Amino acid sequence: MSAEPAPSGPTGGITRDEVAHLARLARLAVTDAELDVFAGQLEVILGAVARVGEVTAEDIPPTSHAVPLQNVFRPDERRPGLDQEQALAGAPAAEDGRFRVPQILGEEA
Amino acid sequence: MSATDLTRLSAADLAGKIHSREISAVEVAQAHLDRIAAVDDTVHAFLHVAGEAALASAAMVDERLAAGTAPASPLAGVPLALKDVFTTVDMPTTAGSKILEGWRPPYDATVTARLRAAGITILGKTNMDEFAMGSSTEYSAYGPTRNPWDTNRVPGGSGGGSAAALAAFEAPLAIGTDTGGSIRQPAAFTGTVGVKPTYGGVSRYGLIACASSLDQGGPCARTVLDAALLHEVIGGWDDRDSTSIDKPVPSVVDAARIGAAGDLSGLRVGVVRELGGEGYQPGVRSSYEDALRQLEKLGAELVEVSCPHFEYGLAAYYLILPSEVSSNLARFDAMRYGLRVDVGASAEEVMAATREAGFGPEAKRRIILGTYALSSGYYDAYYGQAQKVRTLISRDFAAAFEQVDVLVSPTTPTTAFPIGDKVDDPLAMYLNDLATIPTNLAGTAALSVPSGLADGLPVGLQVMAPALGEAVMYRVGAAYEAARNAEDGGPVISRVPEVSA
């Protein structure tokens, strides 16, 4: 396992190694060429979005949903979901009424 | 009426003629399918055209009318183009991405179901930036859509297909989604009308998620009244969307009709100081100033208001959106649906190879950005801080709406730009959304209505309303539209050139 790349501070700098690490976390097998392009572009974007730090907001509560609703429940009544055939209809591979997938947690370098 | 004439009519007019049985829904559907066949090789608004199904649906409407049954809705029999981000059991749904190429959903979206129940003829699915991320439709995995006003230019995005279909007269109605401006900006670029309802106003069940706290489906049309009619079909509470608002749909059709009478006396219109000044194309600014004068002539009182945190909107948005996207797009893992690239022995390797092959560059950028913004050590400074800015923007709106009934601005800083101009410059692309983003962050409502042309290209006026305040927004939009049309001798869209190959 490679060492964790040194994190950059929240000032906009993002290294190529960091982009590679994030891509691994996000399960994206980016190419070397993409890493070069993305690192540059993300650096520019991060520089722009870091502006949010300019706003004094210590006592401001965060908003995750602008039109907030609470405790949206429905009666606990059964209703039909997808049947097995429907659920498997888009499967890349299916067998015996199940999704057929490659082994989980294979050996990673 | 000739087929060409049918494609130039508004949805309201078509509905009237179909319901009085002057023409059949099948004739109308066929006329639009013929139009699509004639121009869509050039425009590329559609990813899928459902000819047989559309004609069958139209035939059923005709049968029911012939039997004396009342029309299923005021829009029964009228054709519509549906953004390919809503699930449809009988048509592929790709969200503009290779990762869902050919995917057939096992269920209809609520919006889809409501359109069908209303007797609307769904002509097909329209092109879009992949997973609704983009402002030009150039990030579609299936090729760009071209702006009918100038086929070397973009129609806007992410809903460029829906807007272009309207402007090319391929459909009188369309459905889009708006997360940061993806309905309104294409409307501005194509001389059409586009509405972002209040967050929670239109069900997101079956809407392939981009950013769950920002996404909102909405009506697109060539007139404000048509948009209002469509709004009333698709809007309203849905018990399958826990973010949907359990209140009646605002009476937007009534509001549009009242507005068209042209009296805005007593209405206070807020001109947002932070939107519409520097950085906006001169032709856009002069069209906007003209619109402001028009609103005053209609009796509105213009009030300058300041929304100081709007200038942080873009930064907050491009942190919140990628964060939510990185989470929402994690479901595309090659296991249960969509593309699978069988490279590697483990599930993780297959996932990584599949997502690499199936996602385009903008999707990847935003996933990586979101993963970064949410990661430990950066969460507070980026995502956490962006959420606080979001609160401040909501407060800016609330304060403004205490002084005025609606806010206005130009919809976009520029008119439609040439294809290829910004596709390699993400930040330049993001600037398209300057004026539209604050509304999505606050969850309030807004629409874009054509305000004229600048160097032959359409300009849009944005009207913003408080949450659930759509009625006043439609009233202002309709009043302004009527006044604009009267002054120009016809709607802006009537000046669109014939689509050139």
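Here's a quick rundown of the structure. (Residues numbered from 1 in each chain as written. Chains lettered and ligands numbered in written order. Predicted model: local features only at pLDDT ≥ 70, side-chain atom pairs only at ≥ 80, totals over all residues. Heavy atoms only, no water.)

1. A word on the overall build of chain A
- Along the backbone of chain A there are three helices and two strands.
- Going from the N terminus to the C terminus, chain A shows its helices and strands as α-α-α-β-β.
- Taken over 109 residues, chain A has a buried fraction of 29%.
- Taking the intrachain contacts of chain A between residues at least 6 apart in sequence as the baseline, contacts between residues at least 24 apart amount to 21%.
- With the model as given, the accessible surface of chain A reaches about 7,700 Å², and the carbon-plus-sulfur share is 50%. (Helix = DSSP H or I, 4+ residues; strand = E, 2+ residues; numbered from the N terminus. Buried < 20%, exposed > 50% of the residue type's maximum accessible area, 1.4 Å probe, protein only. Contact = heavy atoms within 4.5 Å. Areas by Shrake-Rupley, 256 points an atom, 1.4 Å probe, with all protein chains shown as cover.)

2. Description of the overall build of chain B
- Tallying secondary structure elements over chain B gives 17 helices and 11 strands in all.
- Taken against the 2.2 N^0.38 rule, which gives 23 Å for 501 residues, the C-alpha radius of gyration of chain B at 21 Å falls within 12% of a compact globule.
- Expressed as lengths along the three principal axes of its C-alpha atoms, the size of chain B is roughly 65 × 55 × 45 Å.
- When burial is assessed residue by residue, chain B has 67% of its 501 residues classed as buried.
- Considering only residue pairs separated by 6 or more positions, chain B has 76% of its internal contacts joining residues 24 or more positions apart.
- Carbon and sulfur atoms make up 51% of the accessible area of chain B, which totals about 15,000 Å².
- Here chain B contributes 39 positively and 58 negatively charged side chains, and the mean placements of these two sets differ by 2 Å. (Rg over C-alpha atoms; globule rule 2.2 N^0.38 Å. Lys, Arg positive; Asp, Glu negative; His and termini not counted. Charge placed at Lys NZ, Arg CZ, Asp CG, Glu CD.)

3. Focus: the pairing of strand β2 (residues 79-83) of chain B
Residue and element names in this part refer to chain B.
- Counting buried positions over the five residues of β2 gives five, a clear majority of the element.
- Both faces of β2 are covered, namely the face carrying P79, A81 and K83 and the face carrying L80 and L82.
- Inspection of the sheet shows β2 paired to strand β3 (residues 121-126) by five bridges, in the parallel sense. Residue pairing across strands places A81 opposite G124, the latter belonging to β3.
- Running through helix α5 (residues 110-117), the crossover from β2 to the neighbouring parallel element β3 is right-handed.
- Note that β2 and strand β4 (residues 173-177) share two bridges and pair parallel. Along β4, the bridge assignment pairs A81 with A174. (Pairing = 2+ DSSP bridges. Right-handed = clockwise from strand over helix to strand, strands pointing away.)

4. Here's the deal with unusual backbone geometry
Residues and elements named next belong to chain B.
- The linkage connecting G157 with the following residue, S158, adopts the cis geometry, with an omega of 5°.
- If you trace the backbone, S158 turns up in the loop between β3 and α6 (160-167).
- Positive phi is not limited to glycine here, since A95 has a value of about 55°.
- On the secondary structure map, A95 appears in the loop between β2 and α5.
- Phi is positive for D455, which is not a glycine, with a value near 55°.
- Within the secondary structure layout, D455 lies in the loop between β10 (445-454) and β11 (457-465).
- In this structure D455 comes out as exposed when scored by relative accessible area, which is 76%.

5. Topic: the packing of aromatic side chains
Residues and elements named next belong to chain B.
- Overall, the coordinates contain 15 aromatic pairs over all chains when judged by the stated rule.
- With 4.9 Å between their ring centres and 45° between their planes, F310 and F397 make a pair best called tilted. Here the residue F310 occupies a position in the loop between β8 (301-305) and α11 (313-328), and F397 occupies one in helix α14 (residues 380-403), the gap between them amounting to 87 residues.
- Given the relative accessible area of 1%, F397 is considered buried.
- Between F332 and F359 the ring centres are 6.4 Å apart and the planes differ by 90°, which places this aromatic pair in the edge-to-face class. (Phe/Tyr/Trp six-rings, centres within 6.5 Å; stacked < 30°, edge-to-face > 60°.)

6. Regarding the side chain of S287(B)
All names here are of chain B.
- With respect to the helices and strands, the residue S287 is situated in helix α10 (residues 282-297).
- Classification of S287 by relative accessible area gives buried; the value is 7%.
- Among the polar contacts made by the side chain of S287, one reaches the side chain of S451 at a distance of 2.8 Å.
- Apart from residues lying up to four places away in sequence, S287 is in contact with S451, G452 and V459. (Polar contact = N/O pair within 3.5 Å; in protein donor to acceptor, adjacent residues only side chain to side chain.)

7. A word on the interface of chain A and chain B
- Listed by partner, the interface residues are 62 residues for chain A and 63 residues for chain B.
- Here chain A meets chain B over a buried area of about 5,300 Å², counting both sides, of which 67% is carbon and sulfur.
- For chain A, the biggest contributors to the area lost against chain B are R27(A), L28(A) and V52(A); these three give 12% of the whole.
- The interface formed by chain A and chain B includes three salt bridges.
- We note a salt bridge from K364(B) to E34(A), for which the minimum N-O separation is 2.6 Å.
- Where chain A packs against chain B, one counts 18 residue pairs in polar contact (both at pLDDT 80 or more).
- Per-element accounting of the side of chain A that touches chain B gives the leading share, nine residues, to helix α2 (residues 32-49) of chain A. (Buried area = accessible area lost by both parts, 1.4 Å probe. Salt bridge = Lys/Arg side-chain N within 4 Å of Asp/Glu carboxyl O.)

8. Here we look at the layout of surface pockets
Residue and element names in this part refer to chain B.
- In this structure, the second largest pocket encloses a volume near 470 Å³.
- For the second largest pocket, the lining is made up of 24 residues, of which T87, W103, P106, Y107 and Y337 are closest to its centre.
- Tallied by class, the residues present in the lining of the second largest pocket amount to 15 nonpolar, five polar and four charged. (1 Å grid on protein atoms, 1.4 Å probe; cavity = no way out; pocket = protein on both sides within 12 Å on 5 of 7 lines; lining within 4 Å. Points joined across faces, edges and corners; volume = space filled by probe spheres on them. Nonpolar A, V, L, I, M, F, W, Y, C, P; charged D, E, K, R; others polar.)

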